Amino acid sequence: MATNQEKQEKEQPRRRQARGERRIAQLLEAAATVFSSTGYTAASTNAIAREAGVSPGTLYQFFPNKEAIAIELGERLMREMRETYGEALAPVDPATPLEEAVAAAVDRFIDFNRRHPAFFTLMHGPDIPGRIAEEHDALHATLVARVESLLTPFLPDIPAADITRTAHVCVAMYKAGLELVLASEGAERDAYVQELKKVLLRYLQPLVGDRLAAGPTP
C-alpha cells in the first residue's frame, strides 16, 4: 500500500495543474473583457494582467504574448460556437413554420454572442492573428453548411447550388445585423434582434412560398 507521503506526492502535481488551469481561465476571462472594450489591436498584456488582478510576470508564466492569449481564447470560443451550431441548426421537421425555425436559430446565435462579446471582436476585428483568421474561415464554411442543412427541408428539390447561395446570403445578413445588435443595449438591442429576424424571414418566405406554389419538380 502507498504511504501517506507517496499519496501526497502524487496529489501535488494534480493540485498544481488544477491551479494552473484556474489561472489560465482567469487570464482568458480578463482578456475577453479587455478585447471587448478596447479591441484586439489596442489591448496589451499589461491591461490583461491588471484586469485579472495579477502581475505581468504571472501572465507570462502561461502566455508569451498577446497573440498567444487571443489564439487560446479564440479556439475555446470557436469550440463552443460549433456546439451552438449543432443546437441552433439541427435538422427541423418540414412541418415546422419557417418563422419559428428562423427565430430559434437567431436567438441561439445572438445569445452566444451576447455572452461572449469577445468572439465578435476576435473574429471580425482588424489585425487579428493569422491563425484565428484561418479558423474563422473554416468556421464560416461550417456555418454556411449548417444553414444549408436547415434550409433544405423548406426547399425540397431546389438545386444544391441555389441553396448554397441562399445560405451565404443568410449568413451575410446575419453578420451585418449582429453588429447592430451588439452595439445596442436593452430595448434597442431587442428591437434590432426583431428587425434581423424580419429581414431573414422576408428574404426566405418568397423562396419557400414560390417552391410550395410550384409543387414538386417532375
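Per chain, the residues get numbers from 1 upward, laid out in the order the sequence is written. In keeping with the model being predicted, local features are shown solely for residues with a pLDDT of at least 70 and side-chain atom pairs are shown and tallied solely at 80 or more, while totals for entire chains, interfaces and linings include all residues. Remark: hydrogens and water are excluded; side-chain values derive from all non-hydrogen atoms of the structure.

Considering the nonpolar core
Step number 1: By nonpolar core we mean a set of buried residues, namely Ala, Val, Leu, Ile, Met, Phe, Trp, Tyr and Cys, connected to one another through side-chain atoms within 4.5 Å. In this scheme, a residue with accessible area under 20% of its type's maximum is buried, one over 50% is exposed, and one in between is partly exposed, where area comes from a 1.4 Å probe on protein chains only. Phe35, Ile48, Leu73, Ile110, Phe119 and Leu122 are the most contacted members of the largest nonpolar core, which totals 59 residues.
Step number 2: The set of elements that each furnish at least two residues to this core consists of α1 (4-38), α2 (45-52), α4 (66-88), α5 (98-115), α6 (117-124), α7 (130-151), α8 (160-182) and α9 (186-214).
Step number 3: Helical segments are the DSSP runs of H or I of at least four residues, strand segments are the runs of E of at least two, and each set is numbered from the N terminus. The dominant element in this core, judged by the number of residues it contributes, is α4, at eight residues.
Step number 4: Here, two residues are considered to be in contact whenever any of their heavy atoms come within 4.5 Å of each other. Residues in contact with phenylalanine 35, not counting those within four places in the same chain, are Tyr40, Ala43, Ile48, Lys66, Ala70, Leu73, Thr121 and Leu122.

Let's talk about the environment of tyrosine 203
Step number 1: Within the secondary structure, tyrosine 203 sits in helix α9.
Step number 2: As for tyrosine 203 and threonine 166, which are separated by 37 residues in sequence, their C-alpha atoms are 9.2 Å apart.
Step number 3: When sequence neighbours within four positions are dropped, the list of residues in contact with tyrosine 203 reads Thr166, Val169, Cys170 and Met173.

Side note on α6
Note: α-helices contain 3.6 residues per turn, so residues at a spacing of three or four share the same orientation.
Step number 1: Along α6, six of the eight residues are buried, which leaves the element largely enclosed by surrounding structure.
Step number 2: Restricting attention to buried positions, one finds in α6 the residues Ala118, Phe119, Phe120, Thr121, Leu122 and Met123.

Concerning α5
Step number 1: With 18 residues, α5 extends 26 Å between its outermost C-alpha atoms, agreeing within 8% with the 26 Å of an ideal straight helix rising 1.5 Å per residue.
Step number 2: Taken together, the buried positions of α5 are Leu98, Ala101, Val102, Ala105, Val106, Phe109, Ile110, Phe112 and Asn113. One face of α5 carries all of its buried residues, which in axial projection span an arc of 155°. Here a helix's expected span is defined as the number of its residues, less one, multiplied by 1.5 Å. Our arc is simply the arc of the directions from the helix axis toward the C-beta atoms.

Focus on the packing of aromatic side chains
Step number 1: Two aromatic rings from Phe, Tyr or Trp, using only the six-membered ring of Trp, form a pair when their centres are within 6.5 Å; if the ring planes differ by under 30 degrees the pair is stacked, by over 60 it is edge-to-face, and anything between is tilted. Applying the stated rule across the entire model yields three aromatic pairs.
Step number 2: Ring geometry for phenylalanine 35 against tyrosine 40: centres 5.6 Å apart, planes inclined by 50°, an arrangement best described as tilted.
Step number 3: In this structure tyrosine 40 comes out as buried when scored by relative accessible area, which is 9%.
Step number 4: Consider the rings of phenylalanine 109 and tyrosine 174, whose centres lie 5.7 Å apart with planes at 50°: the pair is tilted. Placement of the pair is phenylalanine 109 in helix α5 and tyrosine 174 in helix α8, with a sequence separation of 65 residues.

A word on the confidence of the model for the protein chain
Step number 1: pLDDT expresses, on a scale from 0 to 100, how confident the predictor is about each individual residue. With 84% of its residues at a pLDDT of 70 or more, the protein chain has an overall mean of 83.
Step number 2: Ranking the helices and strands of the protein chain by mean pLDDT puts α2 first, with 97, and α1 last, with 77.
Step number 3: Between residues 210-218, whose pLDDT stays under 50, and residues either more than four places distant or in other chains, the model counts six contacts.

Brief notes about the pattern of salt bridges
Step number 1: Whenever Lys or Arg places a side-chain nitrogen within 4 Å of a carboxyl oxygen from Asp or Glu, that contact is recorded as a salt bridge. Across all of its chains, the model carries seven salt bridges by this definition.
Step number 2: Here aspartate 107 ties to lysine 197 by a salt bridge, and the two come within 2.7 Å at their closest N and O atoms. Residue aspartate 107 is located in helix α5, and its partner lysine 197 is located in helix α9; the two are separated by 90 residues in the primary sequence.
Step number 3: By relative accessible area, aspartate 107 is classed as partly exposed at 38%.

Things to note about the environment of phenylalanine 154
Step number 1: Tracing the sequence through the fold places phenylalanine 154 in the loop between α7 and α8.
Step number 2: Owing to a relative accessible area of 6%, phenylalanine 154 belongs among the buried residues under this scheme.
Step number 3: Note: C-alpha distance between phenylalanine 154 and valine 208 (54 residues apart in sequence) is 6.2 Å.

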